[in-house]
Amino acid sequence: MLQERTEPAWIDAFETVLRRCAVQTGDTVAILGESQSRPVLMELARLAAARLGARSFTLTLPSVFSTGEPVSRSTGASPALQQLAPVIAALSGCTLVVDCTVEGLMHAPELPAILKGNGFTQPRVVYVSNEHPEALVRLLPDDATEARVKDHVKRVRGAQALRVSSAAGTDLTISLQGAVVGGNWGSTTRAGTLTHWPGGMVLAFPAAGSVHGTLVLAEGDVNLTFKRYIERAITMTIENDHVTRIDGSGVDAELLRSHYAAWNEKEAYAVSHIGYGLNEAARWDSMALYDKRDFNGTELRAFAGNFLYSTGANEVAGRHTRGHFDFPLRGCTVALDGSVVVDAGRVVAA
């Protein structure tokens, strides 16, 4: 197992990301963490901010542990802030928030108030995915990925429908009317926005009633919530946004059925977001090379050509649940209004 000591190359990587987020001398940088955060990530952020002459402070909150409900993973909604007004006020007055919470603030209920700012300053947020620093160093943001993501965001925003198919049997139709579409390339310079590192994907949160069809998780596809490569195929029937059937034999299907049922919530079966990966540096096979505790899995959400289907909370559709699954699929063809943008797992050049 890799050690989590402060390494010069890791400080360099954090400095690179902060520079791409336009941190300048005199800016105020909040380094947000919780008691279960990786200490090395918070320390690397602090040292990188100091190199750039920024004024930084570290805010560490107690991690929150739920009782009486299933284990919750991969939600993108850290519960650590607990609507604490002084915490929100401190973060909303910063130039940049380096989010080192375990799950991140992407879907946290406090995020809109933080991004709104305090009337004088409007922050931007970079969520440092809870990865081992070695993975972060490999997946630094770059100009090419940023340009690629921006181009595909425009394409998705300009489309009415997205169709996904695969040789394994996936056949999904997704209306993009009313969807909220965004992209992520690992850095941000615009006030009032959030990014995450690693980046390199385009995502859409569909409006209610937008997703219908069949999703097949084939051998080698990924259940990121469980951090498992699929070994036996699973067929999921999706009607009116919701998974209504999970067919398949073997432990992969059994685990999926069990965890979905454990939430006892219809919303847990509904679509959260869909999208596809555009990061040429990210690798599908990287999960095999890390211990589970070292690995959060953002790389597998971003590897070029994957189709990402996620279930769980979707604010655009007015649905909220703690249950969340992320499924990156290989070998899919993705078409926008009939124009193919991913062909059997390969991104089509513009």
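Right above here is the structure, for reference.
Okay, so let's go over this structure. (Residues numbered from 1 in each chain as written. Predicted model: local features only at pLDDT ≥ 70, side-chain atom pairs only at ≥ 80, totals over all residues. Heavy atoms only, no water.)

Thoughts on the sheet that holds strand E19 (residues 339-343)
This is how the line gets drawn: Any two strands with at least two DSSP-identified bridges between them are counted as paired. Segments assigned H or I by DSSP are reported as helices when at least four residues long, segments assigned E as strands when at least two residues long, and all are numbered from the N terminus.
Reading across the sheet, the 8 strands line up as E14-E13-E10-E6-E5-E18-E19-E20 and stay open at both edges, with antiparallel pairing between neighbours. The outermost strands of the open sheet, each flanked by one partner alone, are strand E14 (242-247) and strand E20 (346-347). Sheet analysis places strand E13 (residues 234-239) next to E14, joined by 5 bridges and oriented antiparallel. Paired with Thr235 across the two strands is Asp247, which belongs to E14.

Observations regarding the packing of aromatic side chains
Which entries qualify depends on this criterion: Centres within 6.5 Å are what make two rings of Phe, Tyr or Trp a pair, Trp counting through its six-membered ring; a difference in plane orientation under 30 degrees is then read as stacked, over 60 as edge-to-face, and the rest as tilted. When accessible area is computed with a 1.4 Å probe and restricted to protein chains, residues below 20% of their type maximum are described as buried, those above 50% as exposed, and intermediate ones as partly exposed. Either the NZ atom of lysine or the CZ atom of arginine qualifies as a charge over a ring when it sits within 6 Å of the ring centre and within 35 degrees of the ring normal.
In this structure the tally under the stated criterion is 7 aromatic pairs. Consider the rings of Tyr260 and Tyr269, whose centres lie 4.8 Å apart with planes at 15°: the pair is stacked. Residue classification places Tyr260 among the buried positions, given a relative accessible area of 1%. Using a relative accessible area of 22% as the deciding quantity, one classes Tyr269 as partly exposed. If you follow Arg330 out to its NZ or CZ, it ends over the ring of Trp284, 3.9 Å from the centre.

Side note on the environment of Thr193
Heads up, the rule is: A contact between two residues is defined here by any heavy atoms of the two lying within 4.5 Å.
With respect to the helices, strands and loops of the structure, Thr193 is situated in the loop between strand E7 (180-184) and strand E8 (194-197). The class for Thr193 is buried, based on a relative accessible area of 12%. Separated by 77 residues in sequence, Thr193 and Lys116 place their C-alpha atoms 9.3 Å apart. For Thr193, the contacting residues outside a window of four places in its chain are Leu115, Pro123, Arg124, Val125 and Thr188.

Digging into the nonpolar core
Rules: Here, nonpolar core means buried Ala, Val, Leu, Ile, Met, Phe, Trp, Tyr and Cys residues that are tied together by side-chain atoms lying within 4.5 Å of each other.
In this structure, Phe307 and Tyr309 are the most contacted members of the largest nonpolar core, which totals 41 residues. Sequence-distant contacts of Tyr309, defined by excluding residues within four places in its chain, comprise Leu172, Val211, Leu215, Ile238, Asp241, Val271, His273, Ile274, Phe325, Asp326 and Phe327. In this structure, Val40, Leu44, Cys100 and Trp197 belong to the second largest nonpolar core, which totals 26 residues.

Observations regarding unusual backbone geometry
Looking along the chain, the bond that leaves Trp197 and enters Pro198 is cis, with omega of 0°. Secondary-structure assignment places Pro198 in the loop between E8 and strand E9 (201-205). Non-glycine residue Asn264 carries a positive phi angle of around 55°. With respect to the element layout, Asn264 can be found in the loop between helix H7 (251-263) and strand E15 (271-277). The backbone of Ala344 shows a phi angle near 50°, a positive value even though the residue is not glycine. Tracing the sequence through the fold places Ala344 in the loop between E19 and E20.

Some remarks on the pattern of salt bridges
Where we set the bar: Salt bridge, as used here: a side-chain nitrogen of Lys or Arg that lies within 4 Å of a carboxyl oxygen of Asp or Glu.
Going through the model one piece at a time under the given rule, you end up with 18 salt bridges. Here Arg46 and Glu43 are joined by a salt bridge, their closest N and O atoms 2.7 Å apart. Placement of the pair is Arg46 and Glu43 together in helix H2 (residues 39-51), with a separation of 3 residues, close to one helical turn. Judged by relative accessible area, which is 35%, Arg46 ranks as partly exposed. On the accessibility criterion, Glu43 (29% relative accessible area) is partly exposed. Between Arg319 and Asp241 there is a salt bridge, and its shortest N-O distance comes to 3.1 Å. Placement of Arg319 in the loop between strand E16 (307-311) and strand E17 (325-329) and of Asp241 in the loop between E13 and E14 is noted, with a sequence separation of 78 residues between them. Linked by salt bridges that have partners in common, Asp12, Glu15, Arg19 and Arg51 make up one network.

Here's the deal with the packing of helix H1 (residues 8-20) against H2
Condition: Note on method: axes are straight lines fitted to C-alpha atoms, helices fitted across the in-contact stretch only, with angles between N-to-C directions ranging 0 to 180 degrees. Should the near helix be turned anticlockwise from the far one by less than a right angle, the crossing is left-handed, and should it be turned clockwise, the crossing is right-handed. Put simply, Ala, Val, Leu, Ile, Met, Phe, Trp, Tyr, Cys and Pro go in the nonpolar bin, Asp, Glu, Lys and Arg in the charged bin, and everything else, Gly too, in the polar bin.
At a closest axis distance of 8 Å, the pairing of H1 and H2 adopts a crossing angle of 65°. Like other packed secondary-structure pairs, H1 and H2 cross with a definite hand, here right-handed. On H2, the residues that touch Pro8, Trp10, Ile11, Asp12, Phe14, Glu15 and Leu18 of H1 are Val40, Leu41, Leu44, Ala45, Leu47, Ala48, Ala49 and Arg51. Its residues placed into classes, the contact of H1 with H2 shows 12 nonpolar, no polar and 3 charged.

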